[in-house]
Amino acid sequence: MNEANELSALHGADLSARYAKSLLGVFGAPSRVLVRGAGCHVWDADGNQYLDLLGGIAVNTLGHANPLLTSVITSQLATLGHVSNFFSSPTQIALAEKLLEISAAPEGSKVFFANSGTEANEAALKLTRRNTGTAAVPRTKVIALEHAFHGRTLGALSLTYKEKYRAPFAPLPGNVSWIPAGDEAALRAAVDETVAAVFIEPIQGEAGVRELGAEYLRAAREITSAAGALLVFDEVQTGMGRTGEFFASAGVIPDVMTLAKGLGGGFPIGAMIVFGQQNTAWLTPGDHGTTFGGNPVACAAGLAVIHTIENQKLLGHVRETGNWLRAELAGIDGVGEVRGRGLLTAFELMDGSAPQLVGAALDAGFIVNATDESTIRLAPPLIITREQLGTFLAALPALLTAATAA
Ligand SMILES: *Cc1c(COP(=O)(O)O)cnc(C)c1O
């Protein structure tokens, strides 16, 4: 390939055409082809710059090309990149210990590493299948919440609420039923000795950042414990400092917690934390496994993310910046309800022009996301500044006008 061809091959339109010919169409056409990132910005193949207010969907905790994360990952890769799970590595052990520490896990709690959120939930689902009840009263049911999103592999999909995602792939595993989210009476009525587990996202992310509240989480703990059902918190999106705490469920200890997205700061990793001696006994040698899960590079990334959140005191920054952002958003004409915690925020557009706003924002150099026709979600890197967010807030009135006109 000569130089001119190589340059034109990096042209956005060209790359998009090649994408359409070579990648399975499950995501639709990509908005842009991105070639580079630094801090809270990314650049596309045509050289346009964007402020990344989505952070790879709550993944790029430390922004793009974070120097510490990059150096930790590359030096781990140069030292020991992969070992089978017949072996362990110091980073794997250290990350497991660190996760147990920051989740205030009681003695006897344990971690299982996977590579993604859906895999962490698959592991949780397998574990909850062991809560079988008795021959006289078998525990065959799993309860999830309306509008829940738990992933796309068959097990996690069986817990996901959206009929459109599930229906084409029936029959799915599990005897799952959905109850209204945040409704304590509905939970109390649904959970009896035939229920093996209840899956809850403390803040429903894909549903448009809908908070269930500490009181509901505490009630869920009490109700599941009383019935002998396992309580699973899916913190894949809300975990790892996103909400200004390490976990959105802080203060309520579930039986199982699943993590992924922000944990590796962009390096793929998922985790399941199993709380307490009794729960860890459900899975024993041979019951579950993975080739890549817990590999030294992914675990080094996870450790670097947690250490950076601690050393740079990012949790306080996330709380303050998020509160400020929501107050500013609420003062903008055309913005309806504003929801969220920390740097996980959603706002409503009364005229249902959220997809159009995503397009207008992209053209103006901002990456945001629509969870439905009327909801915009923001999940920027935890390091984002008020000044950076301020550029979006300043542009928003004109973007809203453009979206409505589109
Ligand atoms: C994204 C997400 C998942 C699935 O994670 P993947 O890494 O995409 O498999 C599961 N649960 C929640 C709450 C999520 O936000």
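About the cut-offs
Chains are numbered independently. Their residues run from 1 in the order of the written sequence. With the structure being a predicted model, the display of local features is reserved for residues of pLDDT at least 70 and the display and counting of side-chain atom pairs for 80 or more, all residues being used for whole-chain, interface and lining totals. Side-chain numbers here rest on the full set of heavy atoms in the structure, without hydrogens or water. Only protein chains enter the area calculation, which uses a 1.4 Å probe; residues under 20% of their type maximum are buried, those over 50% are exposed, and those in between are partly exposed. Only DSSP runs of H or I covering at least 4 residues are called helices, and only runs of E covering at least 2 are called strands; the numbering of each starts at the N terminus. In this description, strands pair whenever DSSP reports at least two bridges between them. Nearness of a residue to a molecule or strand requires only that one of the residue's heavy atoms be within 4 Å of it. Pairs of N or O atoms within 3.5 Å make up the polar contacts considered here, provided that, within protein, one atom can donate a hydrogen while the other can accept it, and that residues adjacent in sequence are counted only when both atoms are side-chain atoms. Accessible areas in this description were obtained via Shrake-Rupley with a 1.4 Å probe; residue shielding takes into account the shown protein chains only. Side-chain classes follow a simple rule in which Ala, Val, Leu, Ile, Met, Phe, Trp, Tyr, Cys and Pro form the nonpolar group, Asp, Glu, Lys and Arg form the charged group, and the remainder, Gly included, forms the polar group. The span expected for a helix works out to 1.5 Å for each residue beyond the first. What is called the bend at a residue is the angle between a pair of axes, fitted to the seven residues leading up to and ending at it and to the seven starting from it. The contact definition used throughout considers only heavy atoms, calling two residues in contact when any of these lie within 4.5 Å. What fixes the domain bounds is an automatic or database domain assignment. Once two parts are put together, the accessible area they lose, assessed with a 1.4 Å probe and summed over both, is termed the buried area. Here a salt bridge means any side-chain nitrogen of Lys or Arg lying within 4 Å of a carboxyl oxygen belonging to Asp or Glu. Two aromatic rings, drawn from Phe, Tyr or Trp (for Trp, its six-membered ring), form a pair once their centres lie within 6.5 Å of each other, and the interplanar angle then sorts them: stacked below 30 degrees, edge-to-face above 60, tilted otherwise. Charge over a ring is defined by NZ of Lys or CZ of Arg lying within 6 Å of the ring centre and within 35 degrees of the ring normal. Angles here are taken between N-to-C directions and fall from 0 to 180 degrees, while the axes themselves are lines fitted to C-alpha atoms, restricted in helices to the stretch in contact.

**Q** Describe the pairing of strand 11 (residues 256–259), listing the residues and the values that go with them.
**A** Along strand 11, one buried face is formed by Val 256 and Thr 258 and the opposite face, lined by Met 257 and Leu 259, is buried too. With three bridges joining them, strand 10 (residues 230–234) and strand 11 adopt parallel strand pairing. Note on strand 11: the bridge partner recorded for Asp 234 is Thr 258.

**Q** Give me the site of the ligand: which residues, what numbers.
**A** Around the ligand, the surrounding shell consists of Ser 116, Gly 117, Thr 118, Asn 121, Phe 149, His 150, Gly 151, Glu 201, Asp 234, Val 236, Gln 237 and Lys 261. In the environment of the ligand, an oxygen atom lies 2.8 Å from a nitrogen or oxygen atom belonging to the backbone of Gly 117. Asp 234 places a polar side-chain atom, nitrogen or oxygen, 2.7 Å from a nitrogen atom of the ligand. Against a free-state accessible area of 380 Å², the protein chains account for coverage of 81% of the ligand. Residues that form the shell around the ligand fall into these classes: two nonpolar, seven polar and three charged.

**Q** Kindly report on helix 15 (residues 386–405), identifying the contributing residues and their values.
**A** The end-to-end C-alpha distance of helix 15, which contains 20 residues, comes to 29 Å, matching closely the 28 Å that a straight helix rising 1.5 Å per residue would cover. Taken as a whole, helix 15 carries its principal kink of about 45° at Leu 396; the proline Pro 397 stands between one and four residues after it. Within the sequence span of helix 15, burial applies to Leu 389, Phe 392, Leu 393, Leu 396, Leu 399, Leu 400 and Ala 403. In the core, the buried residues of helix 15 are packed alongside helix 13 (314–330), strand 13 (335–341), strand 14 (344–349), helix 14 (354–363), strand 15 (366–367) and strand 17 (375–378).

**Q** Let's hear about the domain arrangement of the chain: which residues, and what values?
**A** Domains assigned within the chain are domain 1 (31–60 + 313–405) and domain 2 (69–311). Domain 1 and domain 2 are separated by 27 Å when their C-alpha centres are compared. Between domain 1 and domain 2, the contact holds 24 residues from the first and 25 residues from the second. Taken together, both faces of the contact between domain 1 and domain 2 bury some 2,100 Å²; the carbon and sulfur share is 52%. Of all residues in domain 1, the largest losses of buried area upon contact with domain 2 belong to Leu 315, Arg 341 and Leu 344, amounting jointly to 31% of the total for that side. Summed over the shared surface of domain 1 and domain 2, the result is four salt bridges.

**Q** So what about the packing of aromatic side chains? Which residues, and what values?
**A** Applying the stated criterion across every chain, the model contains four aromatic pairs. Seen from their ring centres, Tyr 161 and Trp 178 are 6.1 Å apart, and the 70° between their planes marks the pair as edge-to-face. Of the two residues, Tyr 161 is situated in the loop between helix 7 (154–159) and helix 8 (163–166) and Trp 178 in strand 6 (residues 175–179); the sequence distance between them amounts to 17 residues. Residue Tyr 161 is classed as partly exposed on the basis of its relative accessible area, which comes to 28%. Judged by relative accessible area, which is 21%, Trp 178 ranks as partly exposed. Between Phe 246 and Phe 247, the ring centres sit 6.4 Å apart and the planes meet at 45°, which makes this aromatic pair tilted. Phe 247 matches Phe 246 in its accessibility class, with the two residues each being buried. Taking the ring centre of Trp 43 as reference, the NZ or CZ of Arg 36 above it sits at 4.0 Å. Looking at Arg 152, its charged tip hangs above the ring of Tyr 165, at a distance of 3.8 Å from the centre.

**Q** Give me the lowdown on the sheet that holds strand 7 (residues 195–200), citing residues and values where you can.
**A** Spatially, the seven strands line up as an open sheet ordered 4-12-11-10-7-5-6, and their pairing is mixed. This sheet does not close on itself; its edge strands, each paired only once, are strand 4 (110–114) and strand 6. Across the sheet, the mean angle separating the axes of adjacent strands is 20° when strand polarity is ignored. Where strand 5 (residues 141–145) meets strand 7, three bridges bridge the pair, whose relative direction is parallel. When the bridges of strand 7 are listed, Val 142 appears paired with Ala 197. Those strands touched by helix 10 (residues 214–227) are strand 5, strand 6, strand 7 and strand 10, and its axis lies near 150° from that of strand 10.

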